[in-house]
Amino acid sequence: MMQHFENTLDEIARAGNLRSIPTTAGEAGYVDLTSNDYMGIAADRRLFDEFVANCDFSKVYPSASASRLLSLHQDDFLALESLLASLYGREALLFNSGYHANTGIVSAIADKDTVIIADKLVHASIIDGIILSRARFVRFRHNDFDQLEKLLTEHSRQAQRLLVIVESIYSMDGDIADLPRLVELKRKFPQMLLYVDEAHGFGVRGRQGLGVAEETGTIPDIDILVGTLGKAAASSGAFVITSEIIKKFLINKARSFIFSTALSPFSCLWSKFVIEKLVGMHEERRQLLAVSNFLNENFARYNGNIRSHSQIVPLIVGNSRKAVELSGFLKEHHILALPIRRPTVPPGTERIRFSISTRFTMEMAEKLTNIINMYL
Ligand SMILES: Cc1ncc(COP(=O)(O)O)c(C=O)c1O
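Note that this is a predicted model, so its numbers are computed, not measured. (Residues numbered from 1 in each chain as written. Predicted model: local features only at pLDDT ≥ 70, side-chain atom pairs only at ≥ 80, totals over all residues.)

A. Focus on the overall build of the chain. A count of helices and strands for the chain gives 14 helices and 12 strands. Scaling as 2.2 N^0.38, a compact globule of 376 residues should have a C-alpha radius of gyration of about 21 Å, and the chain matches this with 21 Å. With the C-alpha coordinates aligned to their principal axes, the bounding extent of the chain is approximately 55 × 55 × 55 Å. Every one of the 376 residues in the chain was classed for burial, and the buried ones make up 45%. A separation of at least 24 residues holds for 70% of the contacts in the chain among residues at least 6 apart in sequence. (Helix = DSSP H or I, 4+ residues; strand = E, 2+ residues; numbered from the N terminus. Rg over C-alpha atoms; globule rule 2.2 N^0.38 Å. Buried ≥ 20, exposed ≤ 12 C-beta atoms within 10 Å, placed from the backbone. Contact = placed C-beta atoms within 7 Å.)

Next comes the structure, spelled out in structure tokens:
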């Protein structure tokens, strides 16, 4: 019986796509460009020490010990939700992770009277939510809103609801969805609901770090905005910003919210502490974008049509073996950057994905560019 699993693993390995858990991350002396700690907060011991020094541990519960609907320890959840709600000016609801949020929300919102229209590159957690929803589902070419508009026109005749799903910053290409254009489409199609995953925008973009939606002034027009706390916020969990009605609906219908033990209240306390810091990190955001843009401009000639405008910096090498080799070469230069292969990215666009953080200086970026130019 095991033969089936062994054969599949052999096939994956032959294509150069076998995954394993890396053992080198965090090695002393290495520059880590693999993590999503974009604002350098997880790596900043001083911030955590400050949090610990000011935390009243006599009041901290290590576990929610139940789903949110059954837990007796609500205070830290409510405090974090209330902070998020006041920043965004809308309702907020916490989920255990971005994966829980996307699978739970999409599958709750979309039903047989909904057509889901999603960008071709949306994250696996959104795809899984779509599959769970059993709703009708079409995809449009990445960031091609002319095609999206055609699909909206075509499906608006039969569907009661059209759920358009995009990411604000795409996790593998680093490019950005034109949110104002999507908001315009909402005006044209009254049955359209706009769903934006800000996993890579939250903390990094916008004046207060509320994401691309803040940067583009579109927060009030996005029906469902998902942010994650495990990336720039250096914590874990996720949240949705939405209307009062949809929040109530999700509390009653989102299965990942209802049927899973809630986050640790301790983790909520830390998230709240971090978000209060993130709001004022204007200079760090400016610097992060400048360094990222420098790299994106330098790597443009290798990347074909793929153009990042964010801290997610791809370098396309075109096949799995080359991506693994380049990752190894970078490691020899004490730079950790993992190869991204299919099925995570389409065949032919295998790449190195550099996750730039505020700890990565312009000087380091120049050095990295020289090393890459030496190799390619
Ligand atoms: C766009 C996007 N959405 C959702 C997730 C899932 O978030 P989490 O890691 O909190 O489960 C990720 C990555 O992990 C992501 O890149």
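B. Expanded view of the domain arrangement of the chain. Domain boundaries assigned for the chain yield domain 1 (23-39 + 282-375) and domain 2 (60-278). Look at where the C-alpha atoms of domain 1 and domain 2 centre, and you get two points 27 Å apart. Each side of the interface is counted separately: domain 1 has 20 residues, and domain 2 has 16 residues. Secondary structure elements with two or more residues in the side of domain 1 that touches domain 2: helix 12 (282-299) and strand 9 (312-316). Among the residues forming the side of domain 1 that touches domain 2, the class breakdown is 9 nonpolar, 7 polar and 4 charged. (Domains from an automatic or database assignment. Nonpolar A, V, L, I, M, F, W, Y, C, P; charged D, E, K, R; others polar.)

C. Spotlight on the packing of helix 12 against helix 14 (residues 362-375). Contact pair helix 12 / helix 14: the axes reach a minimum separation of 9 Å and the direction vectors enclose 15°. One element, helix 12, and the other, helix 14, form an angle in the roughly parallel class. Helix 14 is crossed by helix 12, and the crossing has right-handed handedness. Residues Val 291, Phe 294, Leu 295 and Asn 298 of helix 12 form the contact with helix 14, whose participating residues are Met 362, Ala 365 and Thr 369. Split into classes, the residues belonging to the contact of helix 12 with helix 14 amount to 5 nonpolar, 2 polar and no charged. (Axes fitted to C-alpha atoms, helices over the stretch in contact; angles between N-to-C directions. Parallel < 35°, antiparallel > 145°, perpendicular 65-115°, else oblique. Left-handed = near helix turned anticlockwise from the far one by under 90°.)

D. Highlighting the environment of Phe 189. Among the secondary structure elements, Phe 189 is positioned in the loop between helix 7 (179-188) and strand 6 (192-197). When the C-alpha atoms of Phe 189 and Ser 156 are compared, they prove to be 7.5 Å apart, with 33 residues separating the residues in sequence. When sequence neighbours within four positions are dropped, the list of residues in contact with Phe 189 reads Leu 152, Ser 156 and Leu 162.

E. Structural context of the site of the ligand. Inspection of the region around the ligand gives 13 residues, with Ser 97, Gly 98, Tyr 99, Ser 171 and Ala 199 positioned closest. A total of 3 residues in the shell around the ligand trace back to one element, the largest contributor, which is helix 4 (residues 98-109). A per-class count over the shell around the ligand returns 3 nonpolar, 8 polar and 2 charged. (Near = placed C-beta within 6 Å.)

F. Highlighting the pairing of strand 7 (residues 224-228). Buried residues dominate strand 7, accounting for 5 of its 5 residues. Of the two faces of strand 7, the one carrying Ile 224, Val 226 and Thr 228 and the one carrying Leu 225 and Gly 227 are both buried. Direction of pairing for strand 6 relative to strand 7: parallel, over a ladder of 3 bridges. Following the sheet pairing, Val 196 is matched in strand 7 by Leu 225. Taken together, the 4 bridges between strand 7 and strand 8 (residues 238-242) define a ladder with antiparallel strand orientation. Across the sheet, the residue bridging to Gly 227 is Phe 239, located in strand 8. (Pairing = 2+ DSSP bridges.)

G. Focus on the nonpolar core. Membership of the largest hydrophobic core comes to 104 residues, with the highest contact counts inside it found for Ile 105, Ile 116, Ile 117, Val 164, Ile 165, Phe 239 and Val 240. Per-element accounting of this core gives the leading share, 7 residues, to helix 11 (residues 265-278). Residue contributions to this core reach at least three from each of two domains, namely domain 1 (23-39 + 282-375) and domain 2 (60-278). Not counting residues up to four positions away in its chain, the partners in contact with Ile 116 are Ala 110, Ile 130, Ala 135, Arg 136, Phe 137, Leu 163 and Ile 165. (Core = buried A, V, L, I, M, F, W, Y, C linked by C-beta atoms within 7 Å.)

H. Representation of helix 14 in the model. The terminal C-alpha atoms of helix 14, which comprises 14 residues, lie 20 Å apart, in line with the 20 Å expected from a rise of 1.5 Å per residue. Looking only at helix 14, the buried set comprises Ala 365, Leu 368 and Ile 372. Down the axis of helix 14, the sector holding all buried residues measures 60°, keeping them to one side. Exposed and facing more than 90 degrees away from the buried side of helix 14 are Glu 363, Asn 370, Asn 373 and Met 374. Where helix 14 is buried, its residues meet helix 12, strand 9 and strand 10 (335-336). (Expected span 1.5 Å × (residues − 1). Arc of directions from axis to C-beta.)

I. Here's a closer look at the pairing of strand 12 (residues 351-355). With respect to burial, strand 12 is a largely interior element, 5 of its 5 residues being buried. Burial along strand 12 is two-sided: the residues Arg 351, Arg 353 and Ser 355 and Ile 352 and Phe 354 are all buried. By the bridge criterion, 5 bridges tie strand 9 to strand 12 in an arrangement that is antiparallel. Note on strand 12: the bridge partner recorded for Val 313 is Phe 354. As judged from the 2 bridges shared by strand 11 (residues 339-340) and strand 12, these two strands associate in the antiparallel manner. Note that in strand 12 the partner of Pro 339 across the bridge is Ile 352.

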